[in-house]
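Coordinates in review
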Amino acid sequence: MINTAYVQGFKVNLLKYNEALDFVKTSLDNGENVQIVTINPEFIEAAKKNPAFANIIKYAELVVPDGVGIKIALKFKGINQEQIRGVDFAQSLIELARDNGYKLALIGAKPEINQKLVEILKGKYPELNIVYHHDGYFQNEDEIIENIKNSGANLVFTALGAPKQEFFNAKLKAVSQGVVSIGLGGTFDVLSGSVALAPPVYRKLGLEWLYRTIKQPERFKRIFPTLPLFLFHSIMDGVKDNTKK
Ligand code: UDP
């Protein structure tokens with residue numbers, strides 16, 4: 001049983017990075033169907049307005065704290081939880097797949113980025129078994145899901161942005177067996193070298209979101225007012241918890 005906390009009513013699992021990796025390995029080895037959500041404040045603000053998305057988070061087998069905002073919100077509740085960054089976790093899962101012969105599918109990002117990522121991974125990890133890949137700009141979702149099933153993939157990365165990737169993964173879970181899926185947002189852009197990884201100083205301070213916003217100013221409207229609002233609600237959530245104690 002994994003420990004769970006609730007940030008503004010939304011589930012977040014409390015576990016160390018390696019425990020999250022072990023969870024994936026055990027799930028794959030046992031042939032379990034698992035959906036992993038890499039949650040950040042934008043997810044929570046979106047899920048408040050979208051009950052179907054909220055339900056997906058509720059029923060996800062693993063919800064890992066990707067955004068620093070989630071770590072801060074947990075801190076307000078007196079919980080110390082390390083940040084499990086999607087881009088790092090994806091990298092570890094790729095190595096896990098290589099070492100254990102898991103069958104990987106990569107769905108998402110622009111066609112040239114998806115292709116570039118596959119080439120980079122094949123070059124870097126010749127033994128990695130990529131059984132299927134497709135860009136994230138498809139019309140027929142059912143066809144992609146069918147292709148994933150036919151490929152025999154048991155580890156599926158989806159990088160379609162949230163909540164699109166979470167809806168896709170939930171649909172995949174409903175029709176599959178023994179598949180672990182994870183929604184990875186803009187990770188393919190980073191892993192393919194198309195978007196720079198935040199420099200160590202930003203990562204250390206948990207300011208990757210700031211780096212991304214400086215690099216892509218059009219993202220400003222995504223974090224503002226969402227992030228300050230999220231933090232305000234998280235403080236209230238923490239105060240409520242502490243008053244109950
Ligand atoms: N994307 C996609 N299909 C879509 C919309 C987006 O494959 O219909 C990709 C997009 O190319 C990018 C990723 O999904 O690689 C989402 O990136 P974004 O930075 O918006 O996601 P975040 O990490 O903020 O969730």
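In the block above lies the structure referred to throughout.
Described below are features of the structure shown in this document.

Rules and cut-offs
- Residues numbered from 1 in each chain as written.
- Predicted model: local features only at pLDDT ≥ 70, side-chain atom pairs only at ≥ 80, totals over all residues.
- Heavy atoms only, no water.
- Buried < 20%, exposed > 50% of the residue type's maximum accessible area, 1.4 Å probe, protein only.
- Helix = DSSP H or I, 4+ residues; strand = E, 2+ residues; numbered from the N terminus.
- Contact = heavy atoms within 4.5 Å.
- Polar contact = N/O pair within 3.5 Å; in protein donor to acceptor, adjacent residues only side chain to side chain.
- Axes fitted to C-alpha atoms, helices over the stretch in contact; angles between N-to-C directions.
- Parallel < 35°, antiparallel > 145°, perpendicular 65-115°, else oblique.
- Nonpolar A, V, L, I, M, F, W, Y, C, P; charged D, E, K, R; others polar.
- Near = heavy atom within 4 Å.
- Areas by Shrake-Rupley, 256 points an atom, 1.4 Å probe, with all protein chains shown as cover.
- Left-handed = near helix turned anticlockwise from the far one by under 90°.

**Some remarks on helix α11 (residues 208-215)**
- For α11, the full list of buried residues reads E208, Y211 and T213.
- Along its buried surface, α11 packs onto α10 (200-204) and α12 (220-223).

**What to know about the side chain of N13**
- Tracing the chain through its elements places N13 in strand β2 (residues 10-14).
- Classification of N13 as buried rests on a relative accessible area of 3%.
- Among the polar contacts made by the side chain of N13, one reaches the main-chain carbonyl oxygen of N3 at a distance of 3.4 Å.
- A polar atom in the side chain of N13 sits 2.8 Å from the backbone nitrogen of V63.
- Every residue in contact with N13, bar those within four places of it in the chain, is listed here: I2, N3, T4, E61, L62, V63, P65 and Q81.

**Here we look at the packing of helix α2 (residues 41-49) against helix α13 (residues 226-244)**
- Following both chains from N to C, one finds α2 and α13 inclined at 80°, their axes separated by 9 Å at the closest point. As far as their axial angle goes, α13 and α2 are roughly perpendicular. Across from P41, E42, I44, E45 and K48 in α2, the residues of α13 making contact are T226, L227, L229, F230 and H233.
- Looking at the contact of α2 with α13 residue by residue, the class counts come to five nonpolar, two polar and three charged.

**Here we look at the site of the ligand**
- Close to the ligand lie 16 residues; G136, Y137, K164, G186 and R222 are nearest.
- Y137 has a polar side-chain atom sitting 2.8 Å from an oxygen atom of the ligand.
- Within the backbone of G161, an N or O atom sits 3.3 Å from an oxygen atom of the ligand.
- Computed on the free molecule, the ligand has an accessible area of 550 Å², of which 80% lies beneath the protein chains in the complex.

**Digging into the packing of helix α1 (residues 17-29) against helix α5 (residues 86-100)**
- Where α1 contacts α5, the two axes come as close as 11 Å, and the packing angle between them is 45°. Classified by the angle their axes make, α1 and α5 are oblique. Note on packing geometry: the crossing formed by α1 with α5 is right-handed. Contact residues: Y17, A20, L21, V24 and K25 in α1; D88, F89, S92, L93, L96 and N100 in α5.

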